[in-house]
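A look at the structure
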Amino acid sequence: MAARRLYRRSPRLDRRTVRRIAFYLLLIAVAALFIGPFLILVSSAVKPATQDVFGFPPDLIPRPPVLDWFREAWTAIPYARFLLNSVIYVGITVPVYLVVSALTAYPLARIAFRGRGLFFLLFLSIMFLPGELMLIPRYLVMGQLGLTDTFASVILPAILSSLGIFLLRQAFSQIPDEIVEAARVDGANEFAIFWRIAVPIVAPTLAVLAILGFVSVWNSFIWPLVTLTSQSKFPIALGIAYLSGVSGTDVRGLAAGTVLSLIPVVVVFLLLQKRILNSMGGAVKG
Amino acid sequence: MAVAGRGSLKGRVVGQRWYTPYLFLVPGLLLYAGMFAWPAVIAIQLAFSDYDIVNPIRWSGLDNFTRLVHDPRAWIALRNSLLFVVMFLPLTVVAPLFLALLVNVKLRAIQAFRMLYYLPVITSMVAVAVAWKYVFNREGVVNWLLQLAGLGPIDFLFDRHWALPTVVLLEAWKNAGLFMMIYLAGLQAVPAEHVEAAEIDGANRWQRLWHVIVPALRPTFAVTLILSMLEAMRAFESVYVLTRGGPLDSTLTLGYYIWSKAFEDYDMGYASSVGLVLWAIMIVLALVNLAITRRKDA
């Protein structure tokens, strides 16, 4: 009724509505491209044993949805152990990463000293030493340090990144001089200025780096694969690869385990998406 | 050095010693030395040595590199990596621009769509590779669609012609959201007056894109181009999880070849020499990219 009245009054408005609907349909079609594989994964994870995972035409609606495969994934492999390991890796790496990045970036931004430009270039050069090419030499260095197959060997290489230093240097250098000068006049030493004044001011940048750090540590796979030999120290991504090895043909259990591994990172993303998306636009990854 | 530093700094800043900034840098420098500098030195040393983990490292001069030149699998890996770049660039440098144009509108729900497109970026390569195995399975959804179109079925991951394109597609799909956000930042820096002026002059959508937006995005293209090339050259995790270099070496990239030589054959010296070559290629690509974008700016 209302639509018809609208149409009579203004045919232009109607055309605009049609175009708007078409635009939304396009957005949804593209979205299907990006979340479709995840939906298929979830559907496979909750399908009862009596229903084909594959087949023509694809039968994506589980009848009825079951949670058996999550239980199986949980018990077939030390899933809880992998999960706990990942929590430990993130819990140690991210705070240390933030502190070290801030300590390194602060003098590069705020203190005039000899060799400042050179030190900055040095830390930027990390960008040209990609992890994939460091696998072999780092493996040997961990051997020399006696750290092979330890939690430390997973954590240490993840602490320093050029992106963290770069972004924090930007943030520190934007702090107004008057604030720092006022603290100096009050007799604060440089470390007190750093910790009590500068760090709280750059908290938004630290938050962004914390999220990026969480995502990257949670997803880390290849370096732990190289350095770890005991299954009891595997992070979750490595655990999933392990699950796909042991369960072989059990496509539902593998899907369930993979869905479980995605949940924490997706939850964090949903809670903090605005911050993540805004930061990624500005900060090109290093 | 110390005297000059002290002199110039003490005059300006009260309560600050000449060594204060260096104290701040100590943890970062220690980590840099242990996790980057020292490994880099070892990588170079290994490239000119024989090392199999059991026996001590033995200097072997240029042997690894002469071996490399005569190693057919190394050439296959190089060819595959270059093919990877060629297929990858249009998917990550061009396609995400259209994605960014699509979401560069003012709609209440647009943030939700950006988020959905970004989802693969934050998930682990292992997880998305598992998801892709369901989608590109012989009995998966893609083959069903092909069948509806009267094509296929294709064994995407087990056919030596299709395996590499499938891995490239996975990498492009996983990174599309990131490149979209980079373009979105670039688009939002394009002056709206320029686009409006072109519109008033009667330029249609494509003309505005080609003559106004694309030239304004030049710095952004420089960034996406180099990111994309480096990403393609070092592609490894996707290969590891999806195909393990197979079938018949059709997805054997330089990155995967290095890993397999080092950690399957324990041929660490040789693997490092391949790594050094890959390193050199990546640095050359970065420099070429820098030179091209510099020249265009001038």
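The name given to chain B in an unreviewed UniProt entry is Carbohydrate ABC transporter membrane protein 1 (CUT1 family), with the source organism recorded as Kribbella amoyensis. Taken directly from UniProt, the Subcellular location (unreviewed entry) text for chain B runs: "Cell membrane". UniProt lists a comment for chain B under the heading Sequence similarities (unreviewed entry), and it reads "Belongs to the binding-protein-dependent transport system permease family."

By the naming in an unreviewed UniProt entry, chain A is Carbohydrate ABC transporter membrane protein 2 (CUT1 family), taken from Kribbella amoyensis. Looking at chain A in UniProt, the text filed under Subcellular location (unreviewed entry) is "Cell membrane".

Let's shift gears to the interface of chain A and chain B. Counting residues at the interface gives 89 residues for chain A, matched by 90 residues for chain B. Taking both partners together, chain A and chain B bury about 8200 Å²; carbon and sulfur atoms supply 80% of that area. In this structure, the connection of chain A to chain B is made through 1 salt bridge. For Arg234 of chain B, the salt bridge is made with Glu132 of chain A, and the minimal N-O distance between the two is 3.4 Å.

Another aspect to go through is the UniProt feature "transmembrane region" (unreviewed entry) in chain A. In this numbering, the UniProt entry assigns the feature "transmembrane region" (unreviewed entry) to residues 21-46, 87-106, 118-139, 151-172, 193-218 and 253-272 of chain A. Between the end C-alpha atoms of residues 193-218 of chain A the distance is 33 Å, and the span holds 96% helix and 0% strand.

Turning to the domain arrangement of chain A, a few remarks are in order. All names here are of chain A. Assigned domains of chain A: these are domain 1 (1-66) and domain 2 (68-285). Between domain 1 and domain 2, the contact holds 14 residues from the first and 10 residues from the second. When domain 1 packs against domain 2, the two sides together hide about 870 Å² of surface, and 74% of this comes from carbon and sulfur. Counting the contacts that link domain 1 with domain 2 gives 0 residue pairs in polar contact (both at pLDDT 80 or more).

Moving on: the layout of surface pockets. The space that makes up the second largest pocket amounts to roughly 1000 Å³. Around the second largest pocket, the lining comprises 21 residues; the ones closest to its centre are Leu101, Asn104, Val105, Arg205 and Arg208 of chain B. For the lining of the second largest pocket, the elements supplying multiple residues, two or more each, are helix 2 (11-45) of chain A together with helix 4 (72-103), helix 8 (163-188), helix 9 (192-200) and helix 10 (205-216) of chain B. Partitioned by chemical class, the residues of the lining of the second largest pocket number 14 nonpolar, 2 polar and 5 charged.

What follows covers the nonpolar core. Grouped together as the largest cluster of nonpolar side chains are 195 residues, with contacts concentrated most on Leu160 and Phe172 of chain A together with Tyr117, Tyr118 and Phe263 of chain B. Of all the elements, helix 8 of chain B adds the most residues to this core, at 15 residues. Here this core gathers at least three residues from each of two domains, domain 1 (1-66) and domain 2 (68-285) of chain A.

A few words on a nonpolar patch on the surface. Together, Met127 and Phe128 of chain A together with Ile283, Leu287 and Leu290 of chain B line one region of the surface with nonpolar side chains, adding up to about 450 Å² of accessible area. Of note, Leu287 of chain B is situated in helix 14 (residues 268-297). On the accessibility criterion, Leu287 of chain B (53% relative accessible area) is exposed.

The rules behind the values
Residues numbered from 1 in each chain as written. Chains lettered and ligands numbered in written order. Predicted model: local features only at pLDDT ≥ 70, side-chain atom pairs only at ≥ 80, totals over all residues. Heavy atoms only, no water. UniProt positions renumbered as here; feature names shortened; annotations may be inferred. Contact = heavy atoms within 4.5 Å. Buried area = accessible area lost by both parts, 1.4 Å probe. Salt bridge = Lys/Arg side-chain N within 4 Å of Asp/Glu carboxyl O. Helix = DSSP H or I, 4+ residues; strand = E, 2+ residues; numbered from the N terminus. Domains from an automatic or database assignment. Polar contact = N/O pair within 3.5 Å; in protein donor to acceptor, adjacent residues only side chain to side chain. 1 Å grid on protein atoms, 1.4 Å probe; cavity = no way out; pocket = protein on both sides within 12 Å on 5 of 7 lines; lining within 4 Å. Points joined across faces, edges and corners; volume = space filled by probe spheres on them. Nonpolar A, V, L, I, M, F, W, Y, C, P; charged D, E, K, R; others polar. Core = buried A, V, L, I, M, F, W, Y, C linked by side-chain atoms within 4.5 Å. Buried < 20%, exposed > 50% of the residue type's maximum accessible area, 1.4 Å probe, protein only. Patch = residues over 30% accessible without salt bridge, like charges linked within 9 Å, V, L, I, M, F, W, Y side chains within 5 Å. Areas by Shrake-Rupley, 256 points an atom, 1.4 Å probe, with all protein chains shown as cover.

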